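# Report on the structure
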Amino acid sequence: MTSSSAASRKALSKIACNRLQKELVEWQVNPPAGFKHKVTDNLQRWVIEVNGAPGTLYANEVYQLQVDFPEHYPMEAPQVIFLSPAPQHPHIYSNGHICLDILYDSWSPAMTVSSICISILSMLSSSPAKQRPADNDRYVKNCRNGRSPKETRWWFHDDKV
């Protein structure tokens, strides 16, 4: 998210604040394996450290996810991107945008930050090769003006990785 869009972001609703506080407490008690929440005073933006799963192409590699929560979370999905450098993966663009259906069309209010993280780690772990999406250069060029991945019409056609 660019600084201009971050400044124009609406404050969280009371429902969103309550839900995020509950998720944060749960995370502190029972964090998902391979993830670490980097503590800040900003409930609306979480930075999460991702450790590649042992025995995968990403073992011993560490990445960071940025999770920005909309005003009406959990009724609306958060925006989730990898901070630079993003892992090389067929569904992760070099600008950090992630092509994963649960972040867009298949989002459900029953999902949590933990379930998102587990899905992303599963996606990484199942990859047979470290490579960018075939349309990476074109997509990233089209996103140069700070376009959110939520503004993209994703085509979810490959559930193998």
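A quick note: this is a predicted structure, and the numbers were derived from the prediction, not measured. In this convention, every chain numbers its residues from 1, walking through the sequence in written order. In view of the model being predicted, local features appear only for residues whose pLDDT reaches at least 70, and side-chain atom pairs are presented and counted only at 80 or more, with totals across whole chains, interfaces and linings using the full set of residues. Processing note: side-chain calculations cover all non-hydrogen atoms of the structure and skip hydrogens and water entirely.

What follows covers helix H2 (residues 14-29). By the criteria applied, helices consist of DSSP H or I runs no shorter than four residues and strands consist of E runs no shorter than two, each listed in order from the N terminus. Multiply 1.5 Å by the residue count of a helix minus one, and that product is the helix's expected span. Over its 16 residues, H2 extends 23 Å from the first C-alpha to the last, a length consistent with the 22 Å expected when each residue adds 1.5 Å. Exposed residues in this analysis have more than 50% of their type's maximum accessible area, buried residues have under 20%, and partly exposed residues fall in between, with area computed by a 1.4 Å probe over protein chains only. The set of residues buried in H2 consists of Ala-16, Arg-19, Leu-20, Glu-23, Leu-24 and Trp-27. With its buried residues spanning 140 degrees around the axis, H2 presents them on a single face. Opposite the packed face of H2, turned more than 90 degrees from it, sit the exposed residues Lys-14, Ile-15, Lys-22, Gln-28 and Val-29. We call two residues in contact whenever any of their non-hydrogen atoms come within 4.5 Å of each other. Elements that come into contact with the buried residues of H2 comprise strand E1 (35-38), strand E2 (45-51) and helix H3 (113-125). Starting at the helix axis, one direction is taken to each C-beta atom, and the arc is that of these directions.

Right, let's get into the sheet that holds strand E4 (residues 79-82). Reading across from one edge, E1-E2-E3-E4 is the order of the 4 strands in this open sheet, with antiparallel pairing throughout. Strands at the two margins of the open sheet, each flanked by one partner only, are E1 and E4. Here the average twist between neighbouring strands, direction ignored, is 25 degrees. To obtain an axis, a line is fitted to C-alpha atoms, over the contacting stretch when the element is a helix, and the angle between two such axes runs from 0 to 180 degrees between their N-to-C directions. Its contacts with the sheet put H2 on E1 and E2, and the angle it makes with E2 is roughly 30 degrees. Set on the sheet, H3 makes contact with E1, E2, strand E3 (62-68) and E4; between it and E2 the angle comes to about 35 degrees. When DSSP finds two or more bridges between a pair of strands, those strands are recorded as paired.

Cis geometry marks the peptide bond from Tyr-73 to Pro-74, where omega comes out at 5 degrees. Following the sequence through the fold, Pro-74 ends up in the loop between E3 and E4. Here the residue pair Ser-84 and Pro-85 is connected by a cis peptide bond, since its omega of 0 degrees sits within 30 degrees of zero. Within the element layout of this structure, Pro-85 appears in the loop between E4 and H3. Unlike most non-glycine residues, Asn-60 shows phi in positive territory, near 65 degrees. In this structure, Asn-60 sits in the loop between E2 and E3.

The next point concerns the confidence of the model for the chain. Per-residue confidence from the prediction method is given by pLDDT, with values spanning 0 to 100. For the chain, mean pLDDT is 87; residues scoring 70 or higher make up 84% of the total. Looking over the chain, one finds the lowest element-wise mean pLDDT in helix H1 (residues 3-8), namely 42, and the highest in E3, namely 97. A low-confidence stretch, residues 1-8 (pLDDT under 50), is modelled with 9 contacts involving residues beyond four sequence positions or located in other chains.

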